Amino acid sequence: MTSKLQSVLEGRGPIKKIGVLGMGYVGIPAAALFADVDNFDKVLGFQRNSASSGYKIEMINNGESPLKGEEPGLEELLKKVTDTDKFECTSDFSRIAEMDAVTLAIQTPFENPQDLIPDFGALVAGIRNVGKYLTSGMLVVLESTITPGTTVGMAREILEEESGLVAGEDFALAHAPERVMVGRLLRNIQEHDRIVGGIDDVSTQRAVELYTPVLTKGQIIPMTATAAEVTKTAENTFRDLQIAAANQLALYCEAMGINFYDVRAGVDSLKGEGITRAMLWPGAGVGGHCLTKDTYHLERGVKMLGADDLDYPEGKDSIFVLARNVNDFMPKHMFKLTQDALSAVGKSMDGSKVALLGWAFLNDSDDARNPPSEPYRDLLIEAGAEVMVHDPHVREHPGVEIMTDMDTVVADADVVAVMTGHSEYFELEPSVLKGFMGKDRPVVVDGRNVVDPDAWIDGGFVYKGIGRGDKN
């Protein structure tokens, strides 16, 4: 611990006022949970009053969640903490100066993964805003998923440059990555263990003070800031790797004419004496903000921090990047399945109509960040197909018309392609859809194992499904 920072924090007293930058899938539930804790007096959510997202300010202050889809308890909690005036959303960033602690939950995408250069523009702007109004004794926590080395490097440099203060002496700085999944945001924040890594011990302990009151089942796991950055990127990279393994096996099963799901059940049956072979599910692709880019943060981190010391098979690709490529390939495979099915009924892609079911990347969610539906749709359009998109939760996406009326979307379609496992798609009746489609031999292409192949084949459909070599 640095004695100066410890003294500064003791003089400031306990954390009472918290600012949260980034009113999205992470920032909104986090701010609401902070505001619901007796330890804290006031929480401010900071949101730019921009043309694209300024609408969130009024919605949040009225106790209404801008996040649609199934998000248990969030709307009720927002109403509670805004009614009691413990939580407020504002576009006045000068009020950061009132805060004891500030967290940043801002997206960090890659514009071009090949060059391993992330788009830190929004994050840098957020850090500069914090630095501009940073006061002595404040805690700053990055929750965004970032390249290892960012907290002790870029973030620290910007904060010190803007404020004239010194991290580790005048203010505390830490990384505490979010670990949430859309559809269970509140529960994840409260019940998942929280990784907390400061640039020094006193910063770590101050961050522990911030997050401990919010946890119900989760525990704090302290470490260094860089170890925390690696932990977050590695856990998502590993999940991406597991999905890629399932996807590759599904492709193998299709090639060999067998059912992936039979194989998965057999593999999963090996349990006991510490043995488990549990396998994830294959599908039409991986989307969202995290898995699609966290591998590249990890790869960039080792190039920046450990390239000279990395001992690895010479000339061989990273298995993590290869896994990412496999998952990126799955929408292309969906396109091939669609082509093959149309060919089986004597049609080509050019001039055919495809009803694309599901734009969100995750079932029963409105999260449409980097959806695999998008590259699949692009391939269809490039091949001359007409595409109509249905999603019960997503209302809009740039350049894409999304409809909620199923009958309109499937009317006269040659193909129904399931890209998202929304609950309502499991209830689809082949006879009903066949009537709306009006085709003697309509096609169904299942990218999420949603439909029963036998029922749809018996209903007159030509069926194709990922991993279903026994039916394709």
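Placed above this text is the structure.
Just so it is clear, the structure is predicted and the values come from calculations on it, not from any experiment.

Criteria and thresholds
Residues numbered from 1 in each chain as written. Predicted model: local features only at pLDDT ≥ 70, side-chain atom pairs only at ≥ 80, totals over all residues. Heavy atoms only, no water. Core = buried A, V, L, I, M, F, W, Y, C linked by side-chain atoms within 4.5 Å. Buried < 20%, exposed > 50% of the residue type's maximum accessible area, 1.4 Å probe, protein only. Helix = DSSP H or I, 4+ residues; strand = E, 2+ residues; numbered from the N terminus. Contact = heavy atoms within 4.5 Å. Phe/Tyr/Trp six-rings, centres within 6.5 Å; stacked < 30°, edge-to-face > 60°. Lys NZ or Arg CZ within 6 Å of the ring centre and 35° of its normal. Pairing = 2+ DSSP bridges. Patch = residues over 30% accessible without salt bridge, like charges linked within 9 Å, V, L, I, M, F, W, Y side chains within 5 Å. Areas by Shrake-Rupley, 256 points an atom, 1.4 Å probe, with all protein chains shown as cover. Salt bridge = Lys/Arg side-chain N within 4 Å of Asp/Glu carboxyl O. Axes fitted to C-alpha atoms, helices over the stretch in contact; angles between N-to-C directions. Arc of directions from axis to C-beta. Parallel < 35°, antiparallel > 145°, perpendicular 65-115°, else oblique. Left-handed = near helix turned anticlockwise from the far one by under 90°.

Asks: Would you mind going over the nonpolar core with me for this structure?
Replies: A general trend in soluble globular proteins is that nonpolar side chains are found buried together. Within the largest apolar cluster, 48 residues are counted, with the highest numbers of intra-cluster contacts made by Ile 18, Met 23, Phe 34, Val 43, Phe 87, Leu 139 and Leu 210. With 7 residues, helix H2 (residues 27-35) is the single largest residue contributor to this core. For Leu 139, the residues in contact, after removing those within four places along its chain, are Ile 15, Asp 100, Ala 101, Val 102, Ala 172, Leu 173, Ser 203, Arg 206, Ala 207 and Leu 210. The next biggest cluster of nonpolar side chains, apart from the first, holds 35 residues, and it includes Ala 284, Tyr 376, Val 400 and Val 445.

Asks: For this particular structure, what's the right way to read the packing of aromatic side chains?
Replies: Any two aromatic rings considered together are summarised by their centre-to-centre distance and by the angle between their planes. Inspection of every chain in the model, using the stated rule, returns 6 aromatic pairs. Judged by centre distance (5.1 Å) and plane angle (90°), the rings of Phe 260 and Tyr 261 are edge-to-face. The exposure class assigned to Phe 260 is buried, which follows from its relative accessible area of 0%. By way of ring pairs, the aromatic residues Phe 34, Phe 40 and Tyr 211 are connected into one cluster. Sitting above the plane of the Trp 281 ring, Arg 264 keeps its charged end 3.6 Å from the centroid.

Asks: Sorry, what's going on with helix H6 (residues 151-163) here?
Replies: What sets the pattern is the α-helix's 3.6 residues per turn: residues three or four places apart point alike. Thr 151, Gly 153, Ala 155, Ile 158 and Leu 159 are the residues of H6 that are buried. Buried-residue contacts for H6 involve helix H5 (121-132), strand E7 (139-142), strand E8 (172-175) and helix H9 (225-256). Following H6 by one or two positions, Gly 164 adopts a phi angle in the positive range, close to 80°.

Asks: Would you mind going over unusual backbone geometry with me for this structure?
Replies: A negative phi angle is the norm for most residues apart from glycine, just as the trans form is the norm for most peptide bonds. Positive phi values are uncommon outside glycine, yet Asp 85 reaches one of about 65°. For Asp 85, the position within the fold is in the loop between helix H4 (74-83) and strand E3 (87-90). Non-glycine residue Asn 370 carries a positive phi angle of around 50°. By secondary structure assignment, the location of Asn 370 is in the loop between strand E13 (353-357) and helix H13 (373-382).

Asks: In this structure, what is going on with the pairing of strand E10 (residues 220-224)? I would like to understand it.
Replies: A regular strand places its side chains so that they alternate between the two faces of the sheet. Judged from the 5 bridges that link them, strand E9 (residues 194-198) and E10 form a sheet pairing that is parallel. Pairing of Ile 195 across the sheet is with Ile 221, part of E10.

Asks: Which parts of the structure should I look at to understand a nonpolar patch on the surface?
Replies: Nonpolar side chains collect at one region of the surface, where Val 302, Leu 310, Tyr 312 and Ile 319 lie side by side and expose about 350 Å² of accessible area between them. Its place among the elements puts Leu 310 in the loop between helix H11 (294-305) and helix H12 (319-344).

Asks: Whenever I open this one, the side chain of Asn 188 confuses me. Can you help?
Replies: With respect to the helices, strands and loops of the structure, Asn 188 is situated in helix H7 (residues 185-191). Residue classification places Asn 188 among the buried positions, given a relative accessible area of 4%. Filtering out sequence-adjacent residues up to four positions away, Asn 188 remains in contact with Arg 179, Val 180 and Met 181.

Asks: For this particular structure, what's the right way to read the sheet that holds E7?
Replies: The strands that make up a sheet are held in pairs by hydrogen bonds between backbone atoms, and each pair lies either parallel or antiparallel. Taking strand neighbours across the sheet as the criterion, the 8 strands line up as E3-E2-E1-E4-E7-E8-E9-E10 in an open arrangement whose pairing is mixed. With partners counted over all chains shown, the strands left at the sheet margins are E3 and E10, one partner each. Along the sheet, successive strands turn relative to each other by an average axial angle of 25°, direction set aside. For strand E1 (residues 17-21) and strand E4 (residues 101-104), the ladder comprises 4 bridges, and the chain directions are parallel. Counted as the bridge partner of Leu 21 is Leu 104 from E4. Packed on one face of the sheet, H2 meets E1, strand E2 (42-46), E3 and E4 and runs near 170° to E1. H6 rests against E7 and E8 of the sheet, and its axis sits at about 140° to E8.

Asks: Explain H13 here, please?
Replies: All of the buried residues in H13 are Ser 373, Tyr 376, Arg 377 and Leu 380. Within H13, the buried residues cover an arc of 100° as seen down the axis, which keeps them to one side. For H13, the secondary structure elements touched by its buried residues are H12, E13, strand E14 (386-390) and strand E16 (415-418). Downstream of H13 by one or two residues, Gly 384 has phi in the positive range, about 95°.

Asks: Hey, could you run me through the packing of helix H1 (residues 3-12) against helix H8 (residues 201-211) in this one?
Replies: Helix packing for two helices is described by the angle between their axes and how far apart those axes are. Two elements in contact, H1 and H8, have axes whose closest approach is 9 Å; the angle formed by their N-to-C orientations is 25°. With respect to H8, the axis of H1 lies roughly parallel. The chirality of how H1 crosses H8 is right-handed. Of H8, the residues touching H1 (which contributes Leu 5, Gln 6, Leu 9 and Arg 12) are Val 202, Ser 203 and Arg 206.

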